[in-house]
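# Chains, contacts and geometry: an overview
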Amino acid sequence: MAKIAEMDSESGIESIFAQYCVPLWDEYRILAYDAGNPGEFNLDQIEDYIKAQNKSNFEITEGSLLSDSTSMLRLNLDEISIPDYTLLTDADGAAFQKQIVSYMKNNIAYEAAKKLYSDYSAMYNIEKESEYEEESVDDAIDIIKDDTSASADKSGTEYAKSVSLARCSPSKSISDESSDKKEKSIELDEDNPLVSVSETKTKGILSLVLEDEKISSNTLDCTNCVSERTRNCGTYTAGEDGNWYDDILLNQYFLAYMSSYTDVKDSHSMKYELEYMICGKDDDSENLKGTITRILLIRCAANFAYLMTSPAKQSEALAAAATMAGFTVNPAIVEAVKYGLLAGWAYCESVLDLRTLMDGEKIPIIKSDETWTSGLAGISSLLSGRAKAKSSDIGLDYKGYIGGLLMFQAKSQELYRAMDLQEATVRGNSGYSEYRMDNSICSLDLDMKYSYNTIFLSFVSMIYSKPGRFELNEQTGYAYY
């Protein structure tokens, strides 16, 4: 009878977990049992279902002892308790992550994951250690426009110090110093690369890097989404923090199953899901804009780093700076203009990079002479047209750069935003309008108390339902991971 009780308990819990949320699996390959009834979390329905199944399995009907539905096994399920259960949202999404990592270990080889981690780390370090300063272009323009007397009162060393301090202080900049002057001695041509870059930055980033095409206007109601509301909690507590391999597996799952600009999944509620995971805005277009801006800054940092290691391009920038700042013999001014030109050049190349990335092609993390596209003299026409950077067989595509951004984002934020999106998509399916991720069970333990009656030793008593009585306890559990 103990074996029969074991089989019955396993049958019961497996029957529960066979009723997984179908849209969640179909769209995202996540398995979970929806314990909402409807919307409100309810464990009683699990107990009721298993008791009903047990009754069906062992029911003794009135009438003939050996009728079709009569069991010779009088095993009764008297009590059920649920000591432990795990919801997808438990421990800031750690349970959600655990299932994903378990699934993805069958899909991503260790060595491939190691290469991705190396690429993402390089990208992160570039952004973190960047010497690129976005305001350098406007600083250079202000320097050139200043009356020559602005630098005549200072030595080269003193002026270089003022430029450095201006870049570091939010309350003081070169443009602040020059704004006090009523007259400017030099007007710059609109084809000047510094002017072209400065004016381009005032335009919308989406129109700058995307062709004229429809951008999704889908929105997400964030007022009661997973990341914002008070959530139901199971009994799961997270163990040790994951390692880099687990983080890569999670990262690659998101890139594979979440929608993005270059990989739109029409059945999903938001078209730019990966972008939402980065920016967290309730509008697809705002998330796309924010994500492209983040990638642009990374590309600017990487391209500026390359320019700083290229003697040929440094010489070209220095010569152009000397021409633009020809009114002065102050080397600090020439150096500042050169720095601005290099920053503008890096920006131009980065815009071309984004155009290539948005077309689904790859761009190397750090460029070389062979993979560099733009020329200093052609910045104006390159920015105003639809020119693109050279694509490459190595490096990262648009989703790859998103992967790098996600890799070093706060993990709980990343997980909750993913669950926001998945919940919204499931709710878009008929019959799931009140679905909640924090009602979704992914593991369950049961304590079950059975009783049974002897049969052959008390055969007559069995007929009159007065057999001898025995009890046994059975523990079982099931998890999707």
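The present account deals with the structure reproduced in this document. All values derive from a computational prediction rather than experimental measurement.

The next thing to look at is the overall build of the protein. Tallying secondary structure elements over the protein gives 20 helices and four strands in all. A burial count over the protein gives 50% of its 481 residues as buried. When contacts within the protein are restricted to residue pairs at least 6 apart in sequence, long-range pairs at least 24 apart make up 79% of them.

So, on to the environment of Ser198. Relative to the helices and strands, Ser198 is located in helix α10 (residues 193-200). Between the C-alpha atoms of Ser198 and Tyr347, which are 149 residues apart in sequence, the distance is 10.0 Å. Beyond its immediate sequence surroundings of up to four residues, Ser198 is in contact with Val137, Asp138 and Ile141.

Another aspect to go through is the nonpolar core. Of all hydrophobic cores here, the largest spans 133 residues; its most connected members are Leu24, Phe96, Phe254 and Val337. Broken down by element, the residue count for this core peaks at 17 residues, all from helix α16 (residues 331-358). Among residues more than four places away in sequence, those in contact with Phe96 are Ile30, Leu88, Phe254, Leu415, Ala418, Met419, Gln422 and Met437.

Right, let's get into the packing of helix α5 (residues 110-129) against helix α12 (residues 244-257). When two helices pack together, their arrangement is given by the angle between the helix axes and the distance between those axes. α12 packs onto α5 with a crossing angle of 85 degrees between their chain directions and a minimal axis gap of 10 Å. Of the possible angle classes, the one that applies to α5 and α12 is roughly perpendicular. Contacts from Tyr110, Ala113, Lys114, Leu116, Tyr117 and Tyr120 in α5 reach Trp244, Tyr245, Ile248, Asn251, Gln252 and Leu255 in α12. Counted by class, the contact of α5 with α12 contains nine nonpolar, two polar and one charged residues.

So, on to helix α15 (residues 311-324). Counting along an α-helix, one turn takes 3.6 residues, and residues three or four places apart therefore face a common direction. Here α15 is 14 residues long and its end C-alpha atoms lie 20 Å apart, about the 20 Å a rise of 1.5 Å per residue gives. Residues of α15 that are buried include every one of Lys313, Gln314, Ala317, Ala320, Ala321 and Met324, and no others. Each buried residue of α15 lies within a common arc of 130 degrees when the element is viewed along its axis, so the set occupies one face. Along α15, the residues that are exposed and aim more than 90 degrees away from the buried face are Pro311, Ala312 and Thr323. The inward-facing, buried residues of α15 contact α6 (136-145), α10, α14 (284-307) and α16.

Summed over all chains, the structure comprises 19 salt bridges. A salt bridge links Glu423 to Arg229, with the nearest nitrogen and oxygen atoms 2.5 Å apart. Note that Glu423 is positioned in helix α19 (residues 411-427) and Arg229 in the loop between α11 (205-209) and α12, a separation of 194 residues in sequence. Summarising the burial analysis for this pair, Glu423 and Arg229 share the class buried.

Look at α12: 20 Å from first C-alpha to last across 14 residues, which is about the 20 Å you get at 1.5 Å a residue. Most of α12 sits out of view: eleven of its 14 residues are buried. Turning to α12, its buried residues are Tyr245, Asp246, Asp247, Ile248, Leu249, Leu250, Asn251, Gln252, Tyr253, Phe254 and Leu255. On its buried face, α12 is in contact with α2 (22-28), α4 (90-104), α5, α13 (273-279), α18 (398-407) and α19.

A word on the side chain of Ser392. The residue Ser392 is located in the loop between α17 (379-384) and α18 in this model. From its side chain, Ser392 meets the backbone nitrogen of Ile394 in a polar contact 3.1 Å long. If we ignore the near neighbours within four places in the chain, the residues touching Ser392 are Lys362 and Pro364.

Scanning the model with the defined rule gives 17 aromatic pairs in all. Geometrically, the ring pair formed by Tyr132 and Phe304 is edge-to-face, given 6.0 Å between the ring centres and 65 degrees between the ring planes. Taken together, the residues Tyr132 in the loop between α5 and α6 and Phe304 in helix α14 connect sequence positions 172 residues apart. Looking at Phe304, the relative accessible area reads 2%, which means it is buried. What links up through ring pairs into an aromatic cluster is the set Tyr103, Tyr253, Phe254 and Tyr257.

It is at 8 Å that the axes of α15 and α16 come closest, and there the two elements cross at 125 degrees. By the criterion of interaxial angle, the relationship of α15 to α16 is oblique. Seen along the crossing, α15 lies across α16 with a hand that is right-handed. Residues Lys313, Gln314, Glu316, Ala317, Leu318, Ala320, Ala321, Ala322 and Met324 of α15 pack against Val334, Val337, Lys338, Leu341, Leu342 and Trp345 of α16. Residue classes in the contact of α15 with α16 are distributed as eleven nonpolar, one polar and three charged.

About the criteria used
Throughout, residues of each chain are indexed from 1 in the direction in which the sequence is written. Where totals are concerned, whole chains, interfaces and linings use all residues; where local detail is concerned, this predicted model gives features only for residues with pLDDT of at least 70, and gives and counts side-chain atom pairs only at 80 or more. Side-chain numbers here rest on the full set of heavy atoms in the structure, without hydrogens or water. Only DSSP runs of H or I with at least four residues qualify as helices, and only runs of E with at least two residues qualify as strands; both kinds are numbered from the N terminus onward. For the exposure calls, accessible area comes from a 1.4 Å probe over protein chains only, and a residue counts as buried if that area is under 20% of its type's maximum, exposed if over 50%, partly exposed in between. Should any heavy atoms of two residues lie within 4.5 Å, those residues are considered in contact. As used in this record, nonpolar core signifies buried Ala, Val, Leu, Ile, Met, Phe, Trp, Tyr and Cys residues forming a set joined through side-chain atoms within 4.5 Å. A fitted line through C-alpha atoms represents every axis, and for helices the fit uses only the stretch in contact; the resulting angles, taken between N-to-C directions, go from 0 to 180 degrees. Any angle that is under 35 degrees is reported as roughly parallel, and any over 145 degrees as roughly antiparallel; angles of 65 to 115 degrees are reported as roughly perpendicular and all others as oblique. Here the nonpolar group is Ala, Val, Leu, Ile, Met, Phe, Trp, Tyr, Cys and Pro; Asp, Glu, Lys and Arg are the charged ones; every other residue, Gly included, is treated as polar. A helix is expected to reach a length of 1.5 Å times the quantity of its residues less one. This arc is taken over the directions from the axis of the helix to the C-beta atoms. For salt bridges, the criterion is a side-chain nitrogen of Lys or Arg within 4 Å of an Asp or Glu carboxyl oxygen. N or O atoms within 3.5 Å of each other form a polar contact, as long as, within protein, one can give a hydrogen and the other can take it, and as long as residues adjacent in sequence are counted only when both atoms are side-chain atoms. Planes of paired rings set the category: under 30 degrees apart is stacked, over 60 is edge-to-face and the rest tilted, where pairs are Phe, Tyr or Trp rings (Trp by its six-membered ring) whose centres lie within 6.5 Å. Crossings are sorted by hand: turned counterclockwise from the far helix by less than a right angle, the near helix makes the crossing left-handed, and turned clockwise it makes it right-handed.

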